[in-house]
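Here is what each chain is made of, one letter per residue.
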Amino acid sequence: MTSLVIRPLVAGEENLFDSMIDPLPQLRQIPYADGIAGGGYRPENTWVALRDGRVVGRAAWLLPPGAVGAPWLDRFDLAAEPEVGAALLHAAHEALGGPGWYYAALPAHWRRRPEVLAVVTAPMEAARLAGLVERGERHRCSWTGTPLPTTSGRYTFRPPVDAAEINALVARISQPDVLTGAEIARLVGGVDLATDPMAWLGESTDEWRIGVRAGQPVGLVGTAGDACFPLLAYLGLLDDGARGELLAEAVRVLAAGGAREVIADVDAHHVAVLAELERTGFRQLRSRVLFTPPTEGK
């Protein structure tokens, strides 16, 4: 490691980041140049490891303009041994005021793909060597026009009366099934999407639906058709039997507004929810594994 140089970028060196070949081109990720142009990526928050002048490791922390939280590690790639990545992270953490959260973006079904494992094992091991702790995994799924299942007729759906009705139902749901963009809501807006979704999605009730059976609410779903892409933002249940039909109703709401794709994020351990998404026509796009400092939880 005698020829190894670890340092942040300086303004005008943006091309140095992209001089490293993208090891996972199949992932949908913000191009680094676009992130710089939008202000989320900054040279001083981007670090590289150079060996004989060639980039063998790169790490970019992201903080969108106006965000209330701290930067999080959004891009981390290695073409070297994990120890190099750990050294890069240690140096950056010292300069940036300490370690933060790292979201390792991975292609769908990455554990079953040897060619992907060969790429992602080193940066994830480097994160562990740098003292970060793996906390959990979330899958991003996508519906792209697959015909929706027919309804059973057991449930009806209606818009909420007002925001107060939404908040009252949210308060009764301890663990929502779907929370899309929960990471961004927390890190950018300081909002817990599980307990206060309207603080992030806005006060409009137009894209919310309540499932009803025998006059009683059985679940609640909130969509967002005018976000960066149409998404199923919140799904919470009071009756697990309503899951599939609420999912389908949410997609219908977005499709009626012109959506050709709908995104949903689900924790990997919610096996029943993932199975219902698949029955509704969703397919996995990618996963994210969360690493945090030892003193912080999920």
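Look a little higher up for the structure.
Residues numbered from 1 in each chain as written. Predicted model: local features only at pLDDT ≥ 70, side-chain atom pairs only at ≥ 80, totals over all residues. Heavy atoms only, no water.

Visitor: Help me out: how do you make sense of the side chain of His93 in this one?
Guide: Mapping His93 onto the fold places it in helix α3 (residues 82-96). In this view, His93 contacts Trp61, Gly98 and Pro99; residues no more than four positions away in its chain are not counted. (Helix = DSSP H or I, 4+ residues; strand = E, 2+ residues; numbered from the N terminus. Contact = heavy atoms within 4.5 Å.)

Visitor: Hey, could you run me through the packing of aromatic side chains in this one?
Guide: Pairs of aromatic rings are described using the distance from one ring centre to the other and the angle between the two planes. With the rule as written, the count across this model stands at six aromatic pairs. Centre to centre, the rings of Phe76 and Tyr102 are 5.8 Å apart; their planes meet at 80°, and the pair counts as edge-to-face. Residue Phe76 is located in strand β4 (residues 72-78), and its partner Tyr102 is located in strand β5 (residues 102-107); the two are separated by 26 residues in the primary sequence. Its relative accessible area of 5% is what places Phe76 among the buried residues. On the basis of relative accessible area, Tyr102 is assigned to the buried category, the value being 4%. Ring centres of Tyr102 and Phe291 lie 5.5 Å apart, and the angle between their planes is 20°; on these two criteria the pair is classed as stacked. (Phe/Tyr/Trp six-rings, centres within 6.5 Å; stacked < 30°, edge-to-face > 60°. Buried < 20%, exposed > 50% of the residue type's maximum accessible area, 1.4 Å probe, protein only.)

Visitor: What is the right way to look at the pattern of salt bridges in this model?
Guide: Where side chains of opposite charge bring their charged atoms close, a pairing between them can arise. For the structure shown, the criterion picks out 17 salt bridges. A salt bridge links Arg28 to Glu261; the nearest nitrogen and oxygen atoms lie 3.0 Å apart. Separated by 233 residues along the polypeptide, Arg28 in the loop between α1 (14-18) and α2 (32-38) and Glu261 in the loop between α8 (243-256) and β12 (262-267) bring together distant segments of the chain. Close ionic contact of Arg279 with Glu276 constitutes a salt bridge, the shortest N to O distance being 3.0 Å. (Salt bridge = Lys/Arg side-chain N within 4 Å of Asp/Glu carboxyl O.)

All quantities given are derived from atomic positions and should not be read as evidence of function.
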